[in-house]
Amino acid sequence: MTLIKNGRVIDPSTGIDDQIDLRIQDEKIVALGKNLQGDDIIDASGLIVAPGFIDMHVHLREPGQTDSETIETGLKAAAAGGFTAVACMPNTVPPNDSIETTQFILHKAKGHSVEVVPIAAITRMQKGEHLSDIDRLCRHGVVAFSDDGKPVVDSALMRKGMETALRYDALIIDHCEDPYLFRGGAMNESIVSVELGLPGIPSAAEEIMVERNILLAKLTGARVHLAHLSTAGSMTLMRWAKANGIRATCEVTPHHFTLTDEAVLKYGTNAKMNPPLRSQQDVDVILAAIKDGTVDVIASDHAPHSESKKSVDFKQAAFGIVGLETSVSLGLDRLVKTGIIGFNRLIELYSLNPARLLKVDRGIYVGAAANLTLFDPARQITIEASRFHSKSRNTPFNGWTLQGVPVRAICAEVPPGR
Ligand SMILES: [Zn+2]
Ligand SMILES: [Zn+2]
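Note that the structure is predicted; figures quoted are calculated from it, not measured. (Residues numbered from 1 in each chain as written. Chains lettered and ligands numbered in written order. Predicted model: local features only at pLDDT ≥ 70, side-chain atom pairs only at ≥ 80, totals over all residues. Heavy atoms only, no water.)

**Thoughts on the coordination of the zinc ion (ligand 2)**
Reasoning step 1: Within the protein, the atoms that donate to the zinc ion (ligand 2) are His-57 (NE2), His-59 (NE2), Asp-148 (OD) and Asp-301 (OD), at distances of 2.1 to 2.2 Å.
Reasoning step 2: Coordination at the zinc ion (ligand 2) comes from four donor atoms whose angles at the metal span 83 to 169 degrees, giving a geometry best classed as irregular.
Reasoning step 3: Read from N- to C-terminus, the donor residues coordinating the zinc ion (ligand 2) fall into the pattern H-x1-H-x88-D-x152-D.
Reasoning step 4: Separating the zinc ion (ligand 2) and the zinc ion (ligand 1) is a distance of 3.4 Å, and Asp-148 donates to both of them. Placement of the pair is His-57 in strand S6 (residues 53-58) and Asp-301 in the loop between strand S15 (297-298) and helix H12 (307-310), with a sequence separation of 244 residues. Both residues of the pair, His-57 and Asp-301, belong to the buried class. (Donors = N, O, S within 2.8 Å, 3.2 Å for Na, K, Ca; no water. Tetrahedral: all angles 85-135°; square planar, octahedral: opposite > 155°, others 65-115°. Helix = DSSP H or I, 4+ residues; strand = E, 2+ residues; numbered from the N terminus. Buried < 20%, exposed > 50% of the residue type's maximum accessible area, 1.4 Å probe, protein only.)

**Notes on helix H1 (residues 71-80)**
Reasoning step 1: If you check which residues of H1 are buried, you get Ile-71, Thr-73, Gly-74, Leu-75, Ala-77 and Ala-78.
Reasoning step 2: The inward-facing, buried residues of H1 contact strand S7 (83-88), helix H2 (99-109) and strand S8 (115-118).
Reasoning step 3: A positive backbone phi angle near 95 degrees is found at Gly-82, which sits one or two residues after H1. (Contact = heavy atoms within 4.5 Å.)

**Notes on the sheet that holds strand S13 (residues 223-226)**
The strands that make up a sheet are held in pairs by hydrogen bonds between backbone atoms, and each pair lies either parallel or antiparallel.
Reasoning step 1: If you trace the five strands from one edge of the open sheet to the other, you get S9-S10-S13-S14-S15, paired in parallel fashion. Looking along the sheet, the strands with just one partner apiece sit at the ends: strand S9 (144-146) and S15.
Reasoning step 2: In this sheet, S15 lies alongside strand S14 (residues 248-252) in parallel orientation, the contact comprising two bridges. By the bridge assignment for S15, Val-252 is matched with Ile-298.
Reasoning step 3: Of the strands in this sheet, S13 and S14 are in contact with helix H8 (residues 232-243), which crosses S14 at around 150 degrees. (Pairing = 2+ DSSP bridges. Axes fitted to C-alpha atoms, helices over the stretch in contact; angles between N-to-C directions.)

**A short note on the coordination of the zinc ion (ligand 1)**
Reasoning step 1: Taken together, the protein ligands of the zinc ion (ligand 1) are Asp-148 (OD), His-175 (ND1) and His-228 (NE2), with distances of 2.1 Å.
Reasoning step 2: Sequence positions of the donors to the zinc ion (ligand 1) reduce to the motif D-x26-H-x52-H.

**Remarks on the pattern of salt bridges**
Reasoning step 1: Evaluated as defined, the whole model comprises 21 salt bridges.
Reasoning step 2: The salt bridge partner of Arg-362 is Glu-115, with a shortest N-O separation of 4.0 Å. Of this pair, Arg-362 sits in the loop between helix H14 (343-358) and strand S16 (372-382) while Glu-115 is found in strand S8, placing the two residues 247 residues apart along the sequence.
Reasoning step 3: Taking relative accessible area as the criterion, Arg-362 reaches 7% and is therefore assigned buried.
Reasoning step 4: Since its relative accessible area comes to 7%, Glu-115 is described here as buried.
Reasoning step 5: With a shortest N-O distance of 3.1 Å, Glu-348 and Arg-345 are connected by a salt bridge. With a gap of three residues between them, Glu-348 and Arg-345 both fall in helix H14, about one helical turn apart.
Reasoning step 6: Judged by relative accessible area, Arg-345 falls into the buried class, the value being 13%. (Salt bridge = Lys/Arg side-chain N within 4 Å of Asp/Glu carboxyl O.)

**Description of the sheet that holds S8**
Reasoning step 1: Taken in spatial order, the three strands line up as S6-S7-S8 in an open sheet, and their pairing is parallel. This sheet does not close on itself; its edge strands, each paired only once, are S6 and S8. For this sheet, the mean inter-axis angle between neighbouring strands, taken without regard to orientation, is 20 degrees.
Reasoning step 2: Relative to S7, S6 runs parallel, the two being bridged by four bridges. Residue pairing in the sheet places Phe-53 in a bridge with Phe-83 of S7.

**Thoughts on the packing of H8 against helix H11 (residues 280-292)**
Reasoning step 1: Two elements in contact, H8 and H11, have axes whose closest approach is 8 Å; the angle formed by their N-to-C orientations is 30 degrees. For the element pair H8 / H11, the angle class is roughly parallel. Between H8 and H11, the residues in contact are Ala-232, Met-235 and Arg-239 and Gln-281, Asp-282, Val-285, Ile-286, Ala-288, Ala-289 and Asp-292, respectively.
Reasoning step 2: Looking at the contact of H8 with H11 residue by residue, the classes come out as six nonpolar, one polar and three charged. (Parallel < 35°, antiparallel > 145°, perpendicular 65-115°, else oblique. Nonpolar A, V, L, I, M, F, W, Y, C, P; charged D, E, K, R; others polar.)

Scope: geometric values only; no functional claims are made or implied.
What follows is the structure in structure tokens.
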């Protein structure tokens, strides 16, 4: 019997915000209240006890690219980062477009505390030509589909994918990018790209696809989630979608709300991501959209790459950074410490909203599965990439001092059959 004592328990979904104890037995929350008894005591003095955090956009790289990450190292990084579940993208080798690969991932994840929600490819081999067997995958419990890494360019095929997913109320997640406008791009198209002589990626390359996807969501009625949005224009389009009752949701990453394209000058290839870091005006609009509810989810887009893929010429370097072990501290430092949002909104962004989208239960009430994230909003941490649990070190945040630390992720065993 575990007892979490003296923490400040917050769950906006049930309205709790109180200094109370929480007792766990057989993987479930069995009591909430003052002065509870228990034998295995976790002292949560000074900590916030929240519903378990979920990172719904993670690249675990296995099968196939285990020099960058494995399911084991990725899940250790997730636990260290305060997460109780992750959803993993299917752009592995081979891409996850089948029940067999989904089962392989779930099998490899067994024995780890952090729950894995495998996302399957929308199109076979992520080639954008034919749909995966979405019907069959849904019947085997897959709840989300994406070709992340690239968009589904063919709008008619995407429409069909959405219509199929809708029959099961599954989620379609798109990486919004017009490949023709994007072609050859390495960073945001701006004064900085001109200065560095690098090929630019205009904001329109993202926004055209955001708009296309919103219109397809309107046409089909499907649940559509737009990954890692990075521009002010994308936020305007999301506001329009929500005002018109379209079932579109979106996520932003900590790097897109923390850094601008000027980071490329300082951090080189560790500031190369897709979508690229944008301008200060984009960052300001994203922060406002996090505050006003336009943004549904914060996800890291954890994209581990081995040293050899990053220590090359900027144009040749791989896109992406590791994010699992810096995400929560960046959220606490950049959003809560600055007063942009409070704990309730942070918990919606990191736990309740991704849970709702992935149909995973998160919440603090008697009878709930004991999935909890404990964090210290006052403690400072200096990021040391060399101590990451992830196999990769590609981060621009090495050496940064941030206020707010995920202290512990408590995970209930995943019920069989999920
Ligand atoms: Zn992507
Ligand atoms: Zn991604």
